[in-house]
Number of protein chains: 2
Amino acid sequence: MTLRAVKPIHETQTRILDAAEALFMQHGFEGTSMRSLTTRAGVNLAAVNYHFGSKDALIEAVLRRRLDPMNAARLAALDQAERAAGGNALAPETIIRAFISTSLSLVADARGGRNFIRLLGRSYTDPSRAIRALIGQLYAPVLERFKAAFARALPGVLHEDLVWRMHFMFGTLSYTLAATDTVQLIAGAKPEDRYDPALLEDRLTAFLAAGLLAPAARSSARKAA
Amino acid sequence: MTLRAVKPIHETQTRILDAAEALFMQHGFEGTSMRSLTTRAGVNLAAVNYHFGSKDALIEAVLRRRLDPMNAARLAALDQAERAAGGNALAPETIIRAFISTSLSLVADARGGRNFIRLLGRSYTDPSRAIRALIGQLYAPVLERFKAAFARALPGVLHEDLVWRMHFMFGTLSYTLAATDTVQLIAGAKPEDRYDPALLEDRLTAFLAAGLLAPAARSSARKAA
DNA sequence: GTATTATTCAAACGTTCGTTTGAACCCGGA
DNA sequence: TCCGGGTTCAAACGAACGTTTGAATAATAC
């Protein structure tokens, strides 16, 4: 009894979730068949429908398994930063790091985490309306909270501008997570830097903080180049 | 003979390409069947295989039809800006606008252009290796040219940093194109602003220029928050 | 007007898809 | 020992997939 593998509670579910995470990342949701999925997981073809109900429900389970704790960690990081600051306003960099650092730490996890992070980066723009709706629903409370924090930290930025810049920030992050190592559009980045989350976090934070703090765009009327 | 519809040169091909563009955007490549595609185009089921060879070849044709002229326009815009500047260095904002303006102008085209632009934004992170390879190949010469222009315009930015920041810039743009109106993660943007390319260009340029010009990230050793 | 090529058409090809079924199996509590 | 709920299994379900075929039709050349 002393030597024993980790508890096999719901071992089948876990094997399915792990295999799904890897295959969804590699071939997409539609591109992954139940047969290849269950074969990779080493379970029977009917196991997914038995344990999760359907393929769609499995997709949701894969996303929630990691996203729920991740967003909870983001909120906790923001809470802690605000407590540490007393009543003072937070530096924008601090808020940015609270948001991106939890997801970037998964980049270093060569096991399953990195698979998920790329999968997540792609889900934001998935063709399926149901998936986008799920993502939006899971993120809504977190983004509201961070929007309020940014608004306090950046009193000089108009609300309208802030909303757009948060969109841009979100886009930069999601694309970086999804594509940085799969499509090398701009040559020149050292490969060993790609999986260094601390380095990536520094680079992203510098870029995003500058963008968020930028002087407002020209109000309107622009014609000549 | 006086009244006559526009030349039906390859009318079937065009109908197929238009229908494919719309459906690929809405349901993705894999999510679009040949039957729904040909039905929408009003052509026979076998027409795609007759005119293009296969579904994969059609995907490539859809991407090339708009992407080739778009990248040519980008290069032309950059050429013109450099000629106008004589031998002087370009402002980063000018280079950014040369890159993003051609794609943003399609956002206003409610007919087909907007469909394509969203489709394109999603293709960068498509699960299919073949599609990503095609995108990379089509973009390679353009990105090399713009990288050189940015390097000249931003002499203070290390090459290593510049490469990453161009990645971030590309990500911001692609996400903005792909998702801004389909997933409204951060509430608060006026809907009527979403399709105003001039406004969007101003906002993006301000954000990206600031990010590109940001002071370098802390070199390394970072531990305490 | 006839010969030749290009295009369209309805129908079927074989394969793969997600899901369901009902029997077999495992295992702790009476 | 037998029972019963939870789980796994091989097999099959109907539907949808991308592609191919060969005849019918339209367009072009001579």
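Residues numbered from 1 in each chain as written. Chains lettered and ligands numbered in written order. Predicted model: local features only at pLDDT ≥ 70, side-chain atom pairs only at ≥ 80, totals over all residues.

**Here we look at the relation of the copies chain B and chain A**
Expressed as a screw transformation, the operator carrying chain B onto chain A has a rotation angle of 180° and an axial translation of 0.0 Å, and the superposed copies differ by an RMSD of 0.0 Å. In the structure described here, the two chain copies are related by an operation that fits a two-fold rotation axis. When the interface residues of chain B are mapped onto chain A, 100% of them again lie at the interface, so the same face is used by both copies. (Least-squares fit on C-alpha atoms with pLDDT ≥ 70 in both. Contact = placed C-beta atoms within 7 Å.)

**Some thoughts on the nonpolar core**
The biggest cluster of nonpolar side chains holds 110 residues, and the ones touching the most others in it are A20 and I95 of chain A together with A20 and I95 of chain B. Discounting chain neighbours no more than four positions away, the residues touching A20 of chain B are L37, L58 and V62 of chain B. (Core = buried A, V, L, I, M, F, W, Y, C linked by C-beta atoms within 7 Å. Buried ≥ 20, exposed ≤ 12 C-beta atoms within 10 Å, placed from the backbone.)

**Here we look at the interface of chain B and chain A**
The interface of chain B with chain A comprises 54 residues on the first partner and 54 residues on the second. Sort the elements by how many residues they give to the side of chain B that touches chain A and helix 8 (residues 159-179) of chain B lands first, with 15 residues. For the side of chain B that touches chain A, the per-class residue count stands at 27 nonpolar, 18 polar and nine charged. (Helix = DSSP H or I, 4+ residues; strand = E, 2+ residues; numbered from the N terminus. Nonpolar A, V, L, I, M, F, W, Y, C, P; charged D, E, K, R; others polar.)

**Things to note about the environment of L134 of chain B**
All names here are of chain B. One can find L134 in helix 7 (residues 129-153). Assessed through the 19 C-beta atoms surrounding it within 10 Å, L134 is described here as partly exposed. The spatial distance from the C-alpha of L134 to the C-alpha of Y124 is 9.6 Å, given a sequence separation of 10 residues. In contact with L134, other than residues within four places in its own chain, are E60 and L63.

**As for the protein's contact with DNA strand C**
Taken together, 15 residues sit near DNA strand C, with S33, S54 and K55 of chain A together with T12 and N44 of chain B positioned nearest. Of all the secondary-structure elements, those providing two or more residues to the surface near DNA strand C are helix 2 (34-41) of chain A together with helix 3 (47-51) of chain B. (Near = placed C-beta within 6 Å.)

**Examining the protein's contact with DNA strand D**
The environment of DNA strand D is formed by 15 residues, the closest being T12 and N44 of chain A together with S33, S54 and K55 of chain B. For the surface near DNA strand D, the secondary-structure elements that each account for two or more residues are helix 3 (47-51) of chain A together with helix 2 (34-41) of chain B. Among the residues forming the surface near DNA strand D, the class breakdown is eight nonpolar, five polar and two charged.

**Details of helix 5 (residues 92-105) of chain B**
Residues three or four positions apart in an α-helix share a direction because the helix packs 3.6 residues into each turn. Residues and elements named next belong to chain B. Compared with the 20 Å implied by 1.5 Å per residue over 14 residues, the 20 Å span of helix 5 between its first and last C-alpha is a close match. At F99, helix 5 shows its maximal kink, close to 30°. Taken as a whole, helix 5 has its buried residues at T94, I95, I96, R97, A98, F99, I100, S103 and L104. In this structure, the buried side of helix 5 is in contact with helix 4 (55-84), helix 6 (113-123), helix 7, helix 8 and helix 9 (197-212). (Expected span 1.5 Å × (residues − 1). Bend = angle between axes of the 7 residues up to and from the residue.)

**With respect to the environment of Q26 of chain A**
Residue and element names in this part refer to chain A. The residue Q26 is located in helix 1 (residues 11-27) in this model. Accessibility expressed as a C-beta count within 10 Å gives 15 for Q26, which makes it partly exposed. When the C-alpha atoms of Q26 and N115 are compared, they prove to be 8.3 Å apart, with 89 residues separating the residues in sequence.

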